[in-house]
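Structural description and commentary
In case you want the letters, here they are:
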Amino acid sequence: MKFADLHMHTSFSDGTFSPEEMVANGQRHGLSAMALTDHDTVEGCARMNEACGKLGIEFINGTELTAELDGIELHLLAYFVDIQNQKLLVEIAEFQRVRQERIYEMVARINKLNVPLQAEAVFKIANCRSPGRPHVGRALVQGGFCVNMDEAFDRFLKKHRPAYVPKAKMSALHGIELIHGAGGLAVMAHPALNQSDNIIPKLVDAGVDGIECFHTKHSPADSKHYLGIASRYNLLITGGSDCHGMSKGRPLMGTVKIDYMYVEKMKAAVADRRAKKGNGEPAVSSPANPPSAVGHPQ
Ligand code: AMP
Ligand code: FE
Ligand code: FE
Ligand code: ZN
């Protein structure tokens, strides 16, 4: 049987593994396919594609966007997007800019509590265009202001704590449009972590393609529940570990491995969408394809 992990973050966002380390982990866990879903960036995709190609692992371009519908935050996973798509690149660059500003705001709030953390220390640790709370947490630990990440989140960073600054959110409808415009599939991430299922029918109306039924934080009952919803609305089924390297204490890769059959269904959906658009480009990459052939709908 072949397995895939379709949700992970490298050091191009808030994970700690390089794309190459992530792929080596994937190989150890016997994965046949991997998708990279860094927050608000596709920068790691080219290197990950190359590393996967060397090991005969199929690679899928992706990203994870923060979105909102009816005041409820949700995360949208994008798969098979063209990583050269200008509209996508321009829009995520703006989210990266806001993430960088948000670091200054979080640090200022921490400084007000007489903790002399410096924004530069956070940016040095992040060393990427898409910094986030885990980088602030790591800087707090490295600076000796907190004993571990849990303390950093509990004292400062989690919602309702003094240094919590909400992230910029894209309207979910716009996010789906943006992903489709870049030739990709839009998938609702970890639905059990959202406040409500009520938004699902609206996402379906907006053209969402799939739902992440399998996730590290989903119980077996959660997965069963969302498999039922996928079947009711005829949605693609995805899943992944949401591995962040060591950022969450231990690498989560291997905790969720989905049947490769789900990837086949995603590829068929992409091919179908592109055929309807009337272009003859191959919809998906295989390990044998050169990196430039990945996800280019033209
Ligand atoms: P941000 O996108 O900047 O709001 O940061 C969200 C990230 O912080 C997600 O990847 C979460 O998994 C991570 N996170 C939330 N709570 C914790 C925690 N207690 N320890 C480590 N990471 C956390
Ligand atoms: Fe994250
Ligand atoms: Fe998420
Ligand atoms: Zn994630």
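For the structure itself, look to the data block above.
Read on for an overview of the structure. (Residues numbered from 1 in each chain as written. Chains lettered and ligands numbered in written order. Predicted model: local features only at pLDDT ≥ 70, side-chain atom pairs only at ≥ 80, totals over all residues. Heavy atoms only, no water.)

Digging into the site of ligand 1
Surveying the vicinity of ligand 1 reveals 14 residues, the closest of which are Arg 102, Arg 133, Lys 167, His 244 and Lys 248. Between Asp 14 and ligand 1, the recorded distance is 3.0 Å, taken from a side-chain N or O atom to an oxygen atom. The separation between an oxygen atom of ligand 1 and a polar side-chain atom of Lys 167 is 2.7 Å. Examining the composition of the shell around ligand 1, we find that 3 residues originate from one element, helix α6 (residues 149–157), more than from any other. (Near = heavy atom within 4 Å. Polar contact = N/O pair within 3.5 Å; in protein donor to acceptor, adjacent residues only side chain to side chain. Helix = DSSP H or I, 4+ residues; strand = E, 2+ residues; numbered from the N terminus.)

Here's the deal with the environment of Asn 111
Its location among the elements puts Asn 111 in helix α3 (residues 86–112). Under the relative-accessibility criterion, Asn 111 is labelled partly exposed at 33%. Taking the C-alpha atoms as reference points, Asn 111 and Lys 54, separated by 57 residues in sequence, lie 46 Å from one another. When sequence neighbours within four positions are dropped, the list of residues in contact with Asn 111 reads Pro 116 and Leu 117. (Buried < 20%, exposed > 50% of the residue type's maximum accessible area, 1.4 Å probe, protein only. Contact = heavy atoms within 4.5 Å.)

Points about the coordination of the iron ion (ligand 3)
Protein ligation of the iron ion (ligand 3) involves Glu 64 (OE), His 75 (ND1) and His 190 (NE2), the donor distances falling in the range 2.0 to 2.3 Å. Each donor residue of the iron ion (ligand 3) belongs to the same chain, and together they define the spacing E-x10-H-x114-H. Separating the iron ion (ligand 3) and the zinc ion (ligand 4) is a distance of 3.6 Å, and Glu 64 donates to both of them. Of this pair, Glu 64 sits in strand β4 (residues 62–69) while His 75 sits in strand β5 (residues 72–79); the two residues are 11 residues apart in sequence, bridging distant segments of the chain. (Donors = N, O, S within 2.8 Å, 3.2 Å for Na, K, Ca; no water.)

Some details on the packing of aromatic side chains
Following the criterion strictly, the structure yields 2 aromatic pairs and no others. Taking the centre distance of 5.1 Å and the plane angle of 55° together, the rings of Tyr 104 and Phe 123 count as tilted. Pair noted here: Tyr 104 is in helix α3 and Phe 123 is in helix α4 (residues 119–126), with a separation of 19 residues, a long-range link. Assessed through its relative accessible area of 47%, Tyr 104 is described here as partly exposed. (Phe/Tyr/Trp six-rings, centres within 6.5 Å; stacked < 30°, edge-to-face > 60°.)

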